[in-house]
Amino acid sequence: MAYEKVKIWDGTNDLKVNPDGSLTQPISFGTVGVTSVVVGISSIPVLDASTTRKMAMFTNDSGNNIYLNYTGLSSGLHIGDVLTPYGYRLFDSWVPSAVRAIATGLSSILLVNFA
């Protein structure tokens, strides 16, 4: 695929013109941190609150459901956002609260990327 770069009118962001004529703006998050968290059947913190966070991505790297609570309050089974086995959520505009998780089985792995 061939892409052609153009500048937005204010000159601050690059855009790519796709072959079909649509535009794509690359997202830059700077340095991305990655951590692996073992989630079990009790609610645990998986990401601290931060007012400067630009993005967060949560990937369920296990065969169990993992439930996420984005308010910083305790997570509960069948409450909040469910990550099915090997599913993920990407937030490119982020709520700065802490995140907690709980799983339907022991030793469930949650990969957390953040910037």
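Residues numbered from 1 in each chain as written. Predicted model: local features only at pLDDT ≥ 70, side-chain atom pairs only at ≥ 80, totals over all residues. Heavy atoms only, no water.

J.: How do you make sense of the overall build of the protein when you look at a structure like this?
T.: When helices and strands are counted, the protein shows zero helices and eleven strands. Along the protein, from the amino end to the carboxyl end, the secondary structure elements read β-β-β-β-β-β-β-β-β-β-β. For the protein, the share of sequence-separated contacts (at least 6 apart) that also reach a separation of at least 24 residues comes to 70%. In the form shown here, the protein has an accessible surface area of approximately 7000 Å², with 57% of it arising from carbon and sulfur atoms. (Helix = DSSP H or I, 4+ residues; strand = E, 2+ residues; numbered from the N terminus. Contact = heavy atoms within 4.5 Å. Areas by Shrake-Rupley, 256 points an atom, 1.4 Å probe, with all protein chains shown as cover.)

J.: I would appreciate a short explanation of the sheet that holds strand E5 (residues 44-47) in the present structure.
T.: One key point about sheets: their strands pair by backbone hydrogen bonds, in either a parallel or an antiparallel sense. Pairing is antiparallel in the open sheet, where four strands are placed in the order E5-E10-E7-E8. Across the chains shown, the open sheet's two edge strands, defined by having one partner strand only, are E5 and strand E8 (81-83). Neighbouring strand axes in the sheet, compared pairwise and without regard to direction, differ in orientation by 35° on average. Here strand E7 (residues 66-69) pairs with E8 via three bridges, running antiparallel. Along E8, the bridge assignment pairs Tyr-67 with Val-82. (Pairing = 2+ DSSP bridges. Axes fitted to C-alpha atoms, helices over the stretch in contact; angles between N-to-C directions.)

J.: Honestly, unusual backbone geometry in this entry has me stumped. Any pointers?
T.: Trans is the common state for peptide bonds, and a negative phi is the common state for residues other than glycine. Its identity as a non-glycine residue notwithstanding, Tyr-86 has a phi of 65°, on the positive side. Looking at the secondary structure, you find Tyr-86 in the loop between E8 and strand E9 (88-91). The class of Tyr-86 is exposed, set by a relative accessible area of 57%. Positive phi, close to 55°, is recorded for Ser-107, a residue that is not glycine. If you trace the backbone, Ser-107 turns up in the loop between strand E10 (99-103) and strand E11 (108-114). (Buried < 20%, exposed > 50% of the residue type's maximum accessible area, 1.4 Å probe, protein only.)

J.: What is the right way to read the nonpolar core from this model?
T.: Among soluble globular proteins, nonpolar side chains are generally buried collectively. Ranked by size, the top nonpolar core spans 15 residues in total, and within it Val-46, Phe-58, Leu-68 and Leu-110 carry the most contacts. At the level of secondary structure, the elements contributing two or more residues to this core comprise strand E4 (33-39), E5, strand E6 (56-60), E7, E10 and E11. At three residues, the largest contribution of residues to this core is made by E10. Among residues more than four places away in sequence, those in contact with Leu-110 are Thr-35, Ser-36, Val-37, Val-39, Val-46, Phe-58, Thr-59, Asn-60, Ile-66, Leu-68, Leu-83 and Ala-101. (Core = buried A, V, L, I, M, F, W, Y, C linked by side-chain atoms within 4.5 Å.)

J.: I keep staring at the environment of Val-34 and nothing clicks. Help me out?
T.: Relative to the helices and strands, Val-34 resides in strand E4. Each C-alpha atom of the pair Val-34 and Asn-113 lies 4.4 Å from the other, and the pair is 79 residues apart in sequence.

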